[in-house]
Amino acid sequence: MAKVVTYEELKAHSTKDSLYVLLHGEVYDVTKFIDEHPGGDDVILAEAGKDATQAFEDVGHSDEARDLLPPLLVGSFEKDGALQIGDTKTPGSSDSVSNAVEQGSNLMYFVPLTLLGAYFAWRFYGA
């Protein structure tokens, strides 16, 4: 059976010598990894003792970074503890942002190309 980590345990392991991080309702012991973290140890220490899921997802970690997590798993976070785990996905937020970026990217290419094509057509046929 998987260990259930309490909020008190999470808070007790919030130093560089012993650091637990809460991601997606799971608690990971990142003490050995903290010196190797590409973003520096301050980034992880800032999220100690609280739900770091949003900060983790906002950075956009690679699949390789996510593959490092399973061996570091301590256990699941208590469901009814003092710290309430936030909803990591607001309905449609990720999809709507992604769609907006894609549409904005498309417009960034097609509008100038259309204007450029119209200019050359005007110069060629208007002369």
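Throughout what follows, the structure given in this document is the object of discussion. The model shown is predicted, which means the values in this text are computed figures rather than measured ones. (Residues numbered from 1 in each chain as written. Predicted model: local features only at pLDDT ≥ 70, side-chain atom pairs only at ≥ 80, totals over all residues. Heavy atoms only, no water.)

### Describing the nonpolar core
Formed by Leu 19, Val 21, Leu 23, Tyr 28, Val 30, Ile 34, Ile 44, Ala 48, Ala 52, Phe 56 and Leu 69, the largest nonpolar core amounts to 11 residues. Considering each element in turn, this core owes the most residues, three residues, to strand β3 (residues 18–23). With residues up to four places along the chain from it excluded, the contact list for Val 21 reads Glu 26, Val 27, Tyr 28, Val 30, Ile 44 and Ala 52. Membership of the second largest hydrophobic core comes to six residues, among which are Val 5, Tyr 20, Val 27 and Phe 77. (Core = buried A, V, L, I, M, F, W, Y, C linked by side-chain atoms within 4.5 Å. Buried < 20%, exposed > 50% of the residue type's maximum accessible area, 1.4 Å probe, protein only. Helix = DSSP H or I, 4+ residues; strand = E, 2+ residues; numbered from the N terminus. Contact = heavy atoms within 4.5 Å.)

### Section: the environment of Ile 34
Here Ile 34 shows up in the loop between β4 (26–29) and α2 (41–45). By relative accessible area, which is 2% here, Ile 34 ends up buried.

### Quick notes on the layout of surface pockets
Its boundaries defined by the atoms lining it, the largest pocket holds a volume of some 380 Å³. If you go around the largest pocket, you meet 18 residues; those closest to its centre are Phe 33, His 37, Ile 44, Phe 56 and His 61. The greatest single-element share of the lining of the largest pocket, amounting to three residues, is contributed by helix α3 (residues 53–59). Looking at the lining of the largest pocket residue by residue, the class counts come to 15 nonpolar, two polar and one charged. (1 Å grid on protein atoms, 1.4 Å probe; cavity = no way out; pocket = protein on both sides within 12 Å on 5 of 7 lines; lining within 4 Å. Points joined across faces, edges and corners; volume = space filled by probe spheres on them. Nonpolar A, V, L, I, M, F, W, Y, C, P; charged D, E, K, R; others polar.)

### Points about the packing of aromatic side chains
For any pair of aromatic rings, the description consists of the separation of the ring centres together with the inter-plane angle of the planes. In the structure shown here, the tally under the stated rule is three aromatic pairs. Pairing Tyr 119 with Phe 120 gives two aromatic rings, centres 5.5 Å apart and planes at 65°, and the pair type is edge-to-face. With relative accessibility at 42%, the residue Tyr 119 sits in the partly exposed group. (Phe/Tyr/Trp six-rings, centres within 6.5 Å; stacked < 30°, edge-to-face > 60°.)

### A look at the sheet that holds β3
In space, the five strands of this open sheet follow the order β1-β5-β4-β3-β2, with mixed pairing throughout. With one partner strand each, in any of the chains shown, β1 (4–5) and β2 (14–15) form the two edges of the open sheet. Pairing of β3 with β4 involves four bridges; the strand directions are antiparallel. Its bridge partner being in β4, Val 21 is matched across the sheet by Tyr 28. (Pairing = 2+ DSSP bridges.)

### Looking at the pairing of β4
Count of turn residues in the β3/β4 antiparallel hairpin: two residues, of which His 24 carries a positive phi of about 50°. As defined by bridge partners, β4 adjoins strand β5 (residues 73–77) across three bridges and the pair is classed as antiparallel. If you follow Glu 26 over to β5, its bridge partner there is Ser 76.

### Considering the pattern of salt bridges
Applying the stated criterion across every chain yields a total of four salt bridges. With a closest N to O distance of 3.0 Å, Glu 9 and Lys 3 form a salt bridge. With relative accessibility at 23%, the residue Glu 9 sits in the partly exposed group. A residue is classified by how much of its surface remains accessible, and Lys 3, at 39% relative accessible area, is partly exposed. In this structure, Lys 16 and Asp 35 form a salt bridge, with 3.5 Å as the shortest nitrogen-oxygen distance. Note that Lys 16 is positioned in the loop between β2 and β3 and Asp 35 in the loop between β4 and α2, a separation of 19 residues in sequence. (Salt bridge = Lys/Arg side-chain N within 4 Å of Asp/Glu carboxyl O.)

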